[in-house]
Amino acid sequence: MTKKIHKYSEKKLSRGEPPNFSGQHLMHNKKLLRDMVNLVKISSEDTVLELGAGKGALTTMLNQKAKKVLAVEYDAKFVEILKRKTAKQSNTMIIHQDIMKIRLPKEKFIVVSNIPYAITTPIMKMLLSNPSSGFQRGVIIMEKGAAKRFTSKFIRNSYVLVWRMWFDIRLVRGVSRKHFSPPPSVDSAIVLITRKKEAVIPHKDYFAFLSLVEYALQKPYAPFDLALRGIFTPPQMKHLARNLNINKEQPIGSLDENQWEMIYKTMAQYVPRHAWPRVNKRSFDRL
């Protein structure tokens, strides 16, 4: 699989500037690539999206197993290589485009990718922030620090919590720098993402739930009762803490998905709609 890391910043992306491909890290360990393919369990009925296909080391493995492979690559040099390598594979489509400007498949799809570290969070938001999309599961190599943040028990970011209400996100293992050429300056990790069989929160409640967690996780280390003050009355807070089996001093970021489900359902049942956190349009735009 391919080249990484593209050294372009999120600021450049926001200004519409093209990516800088001067920092390319090719993954050359075939066993690791096979492990990724096997981990996601691709069938002959699956559509696979590869983000950053590079020279096609992973692409040529994916198109042996999947019904359809959509290989996205921005660098024109690599696009030509990809086209030559897959010329006889009618199930492979090479998409010459910036990753952040693609349209996700309308059908159900899987992602197998070694993504550009500079835009790890934007890519994850693109894949996970719409629970009604066709994204089913994926195995992604990313910067290890980001992988730890996305899978940590303590939740600092509202968008990570929102993802976890619909997807299981697991750090499988670290990846040595020696598997890349040239080696990146940061450690890497394999992350496995799987859509939950049953969503913790219904899709129709997405925006209301996001508004709640945006409000509550402004300061993730804030005590539970302080973080939710303004939504629940003191008696409601006391009752909720007892049902959650926590004390009011517990940091709000330490709660898990099941506890957040109870908080949301309590709000929906007992808190008047006018007292719910207001929809923050900018928050949705950031997702």
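Enquirer: Can you break down the packing of helix 10 (residues 234–244) against helix 11 (residues 257–270) residue by residue, with the values?
Expert: Running from amino to carboxyl end, helix 10 crosses helix 11 at an angle of 145 degrees, the nearest separation of the two axes being 10 Å. The two elements helix 10 and helix 11 meet at a crossing, and its hand is right-handed. Here Gln236, Leu240, Asn243 and Leu244 of helix 10 come into contact with helix 11, specifically with Gln259, Met262, Ile263, Thr266 and Tyr270. Residues that form the contact of helix 10 with helix 11 fall into these classes: five nonpolar, four polar and no charged.

Enquirer: Outline the confidence of the model for the protein, listing residues and values.
Expert: Per-chain confidence: the protein averages 89 in pLDDT, with 88% of residues scoring 70 or above. Within the model, pLDDT remains below 50 along residues 1–23, and this stretch shows 69 contacts once partners closer than five positions in the same chain are excluded.

Enquirer: Could you give an account of the pattern of salt bridges, with specific residues and numbers?
Expert: Opposite charge on two side chains makes pairing possible when the charged atoms of those side chains draw close. The tally for this structure, following the rule as stated, stands at nine salt bridges. A salt bridge links Lys204 to Asp205; the shortest N-O distance between them is 3.2 Å. Relative accessible area serves as the criterion here: at 71%, Lys204 is assigned to the exposed category. With a relative accessible area of 16%, Asp205 lands in the buried category. Across the pair Glu261 and Lys265 runs a salt bridge, and its minimum N-O distance is 2.9 Å. Of the two residues, Glu261 and Lys265 are both situated in helix 11; the distance of four residues between them amounts to about one turn of the helix. Residues joined by salt bridges that share partners form a network here, namely Lys31, Asp35 and Arg173.

Enquirer: Please set out the packing of aromatic side chains residue by residue, giving values where relevant.
Expert: The full count for this structure, using the stated rule, is nine aromatic pairs. Seen in terms of ring centroids, Phe109 and Phe135 are 5.6 Å apart; in terms of plane orientation they differ by 45 degrees. Their pairing is tilted. A residue pair is termed long-range when its members are at least 10 positions apart, and Phe109 in strand 5 (residues 109–114) and Phe135 in strand 6 (residues 135–143) qualify at 26 residues. The pair Phe109 / Phe135 is uniform in exposure class, with both members buried. Ring geometry for Phe150 against Trp163: centres 5.2 Å apart, planes inclined by 70 degrees, an arrangement best described as edge-to-face.

Enquirer: Hey, could you go over the packing of helix 5 (residues 120–128) against helix 6 (residues 144–151) for me, with residue numbers and the actual values?
Expert: Closest axis-to-axis distance for the helix 5/helix 6 pair is 11 Å, and the angle between their directions is 40 degrees. As the angle between them shows, helix 5 and helix 6 are arranged oblique. As helix 5 packs across helix 6, the resulting crossing turns out to be right-handed. The residues of helix 6 that touch helix 5, namely those facing Thr120, Thr121 and Met124, are Ala146, Arg149 and Phe150. Broken down by class, the residue content of the contact of helix 5 with helix 6 amounts to three nonpolar, two polar and one charged.

Cut-off values and rules
Residues numbered from 1 in each chain as written. Predicted model: local features only at pLDDT ≥ 70, side-chain atom pairs only at ≥ 80, totals over all residues. Heavy atoms only, no water. Axes fitted to C-alpha atoms, helices over the stretch in contact; angles between N-to-C directions. Helix = DSSP H or I, 4+ residues; strand = E, 2+ residues; numbered from the N terminus. Left-handed = near helix turned anticlockwise from the far one by under 90°. Contact = heavy atoms within 4.5 Å. Nonpolar A, V, L, I, M, F, W, Y, C, P; charged D, E, K, R; others polar. pLDDT = per-residue confidence, 0-100. Salt bridge = Lys/Arg side-chain N within 4 Å of Asp/Glu carboxyl O. Buried < 20%, exposed > 50% of the residue type's maximum accessible area, 1.4 Å probe, protein only. Phe/Tyr/Trp six-rings, centres within 6.5 Å; stacked < 30°, edge-to-face > 60°. Parallel < 35°, antiparallel > 145°, perpendicular 65-115°, else oblique.

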